[in-house]
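Each chain, written out:
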Amino acid sequence: MKRISLTRYLVEQQRLEGHIPSQLRLLLEVVARACKRISQSVNKGALGDVMGSAQSENVQGEVQKKLDIIANEVLIEANEWGGHLAAMASEEMEGIYVVPNRYPQGEYLLLFDPLDGSSNIDVNVSIGTIFSVLLKPEGTGVSENDFLQPGTQQVAAGYCVYGPQTTLVLTVGDGVAMFTLDREQGSFVLTQENVTIPEDTKEFAINMSNMRHWDAPVKRYVDECLAGREGPRGKDFNMRWIASMVADIHRILTRGGVFMYPWDKREPDRPGKLRLMYEANPMSWLVEQAGGAATNGRQRIMTIHPTQLHERVSVFMGSKHEVERVTSYHHEA
Ligand code: AHG
Ligand code: MN
Ligand code: MN
C-alpha cells in the first residue's frame, strides 16, 4: 500500500490542486504537530499528571480540567512563532491571543476548542481537538472583530480525535480526508479520502436526559425515531451519545447519523450549549464537505454572522435527509 503522509497530502494540495497557499500548509502542519503532542499527554493519563481538575474556571464558567489548559498551551506555543498567524482564539481564553511582537505576523486566524469532551478525560473515553481557520480581513493590527466571520469564510477546518486511534480529520474545501497517527513513525498517514456521510440513517445522537426541556420540533423528531417500525418513520432507530462532540461527529462521518444539541428551556436566553466559532462551524463544514447538512434548526449554521467570539448555537448535523427533516419541523412549528 502506498503510504501518503499528511505532509505529502498537503504539499500535493498546494502544488497540484492549488487549494492551499504555503502559509496555510505550514499552519496545518503545525496544528497537526500540536495534536500529536496533545495525543501523547492524553495517552500518559494518570502517569503524566494530566488528569483531574485545574481548580480554575474558563470564560464560560466551566471548571477547567488540567488537560484543557495543557492542550490550550500546546496549541499556542506551537503556533505563535511560525509567522503564519495574526492571532488565535480558544474556548479556554476570554479574549483573543495576538501573536507577540517578537514574532512575524501572518494573515491567518486560528480558532480552537483545545480539548473537546472534557468530562470524558478522567473516564478514559474518546476526546479531541477542534479547529477552524479564517483569513484576517485587510487592515493593520488585529482585533476580536476580525474573527467575527460566518463559517462560510473558513479556509480550513478539522479535528483530531484521541480514541483507540488518534485520527486527524481535515478539509480545505476539497472534500474530507482522514489521517491516522502512526505512533512508531510519528506521522499522520492518509487512511481515507472523499469521506461521505450516507444521506439516510437509523442512528441519532442527543442527550436524552434533557428531553423534558426541549422545544416541540425536537421532541417530535425524537418521538418519531423512538416509535420505530410501528411509528411514522417505519423503521427502528438506534441511539448513541458519547458526550464528546468530536467522537460523535467522527462516528457520523464514518457511518452516518444525526447529531443534535438543541436549545432547551434550562437556559432559555442561551441559543444552545455548543460554541459557534470553534465547535459548530468547523464541524458543519466537515459535515457539508462530506455530503451532510448542518443547521441550527432554521438556517445553515455556516451562514450565521457571529456577534461574539464565544457565541453559542443550536446544532443539528449529519445525514442530510434527517437534518432536513428536523429543520422542516422547526419551520412548520
Ligand atoms: P467541551 O468539553 O469542549 O466543553 O465540550 C463538551 C460538549 C460536547 O463535546 C458534547 O457533545 C457536549 O458538550 C456534551 O454535553 P452534555 O454533557 O450536556 O451531554
Ligand atoms: Mn467542546
Ligand atoms: Mn473544550
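Residues numbered from 1 in each chain as written. Chains lettered and ligands numbered in written order. Predicted model: local features only at pLDDT ≥ 70, side-chain atom pairs only at ≥ 80, totals over all residues. Heavy atoms only, no water.

Peer 1: Could you clarify how one ought to interpret the coordination of the manganese ion (ligand 2) in this entry?
Peer 2: Four donors placed tetrahedrally about a metal ideally form angles of 109.5 degrees, and six donors placed octahedrally ideally form angles of 90 or 180 degrees. All of the protein donors around the manganese ion (ligand 2) are Asp113 (OD), Asp116 (OD) and Glu279 (OE); their distances to the metal are 1.9 to 2.1 Å. Separating the manganese ion (ligand 2) from the manganese ion (ligand 3) is a gap of 3.7 Å, bridged by aspartate 113, which donates to each. Taken together, the residues span a long stretch of sequence, with aspartate 113 in strand 5 (residues 108–116) and glutamate 279 in helix 7 (residues 276–289) at a distance of 166 residues. Here aspartate 113 falls in the buried class, since its relative accessible area comes to 0%. (Donors = N, O, S within 2.8 Å, 3.2 Å for Na, K, Ca; no water. Helix = DSSP H or I, 4+ residues; strand = E, 2+ residues; numbered from the N terminus. Buried < 20%, exposed > 50% of the residue type's maximum accessible area, 1.4 Å probe, protein only.)

Peer 1: What is the right way to read the packing of helix 5 (residues 216–226) against helix 8 (residues 320–332) from this model?
Peer 2: The description of two helices packed together rests on the angle between their axes and the distance between the axes. The geometry of helix 5 relative to helix 8 is characterised by a closest axis approach of 8 Å and an angle of 140° between their N-to-C directions. It follows that helix 5 is oblique to helix 8 by the angle criterion. Taken as a pair, helix 5 and helix 8 cross one another with a handedness that is right-handed. Residues Pro217, Val218, Arg220, Tyr221 and Glu224 of helix 5 touch helix 8, and the partners they reach there are Glu322, Arg325, Val326, Tyr329, His330 and Glu332. (Axes fitted to C-alpha atoms, helices over the stretch in contact; angles between N-to-C directions. Parallel < 35°, antiparallel > 145°, perpendicular 65-115°, else oblique. Left-handed = near helix turned anticlockwise from the far one by under 90°. Contact = heavy atoms within 4.5 Å.)

Peer 1: Honestly, the sheet that holds strand 6 (residues 127–135) in this entry has me stumped. Any pointers?
Peer 2: The strands making up a sheet associate through backbone hydrogen bonding, with each pair oriented either parallel or antiparallel. Strand order in the open sheet formed by 8 strands is 4-3-5-6-7-8-9-10, with mixed pairing between adjacent strands. Bordering the open sheet on either side are strand 4 (97–98) and strand 10 (187–192), each of which pairs with just one other strand. Relative to strand 10, strand 9 (residues 176–182) runs antiparallel, the two sharing 5 bridges. What sits directly across from leucine 181, in strand 10, is phenylalanine 188. The strands touched by helix 1 (residues 6–15) within the sheet are strand 8 (166–171), strand 9 and strand 10, with strand 8 carrying the most contacts at an inclination of about 5°. (Pairing = 2+ DSSP bridges.)

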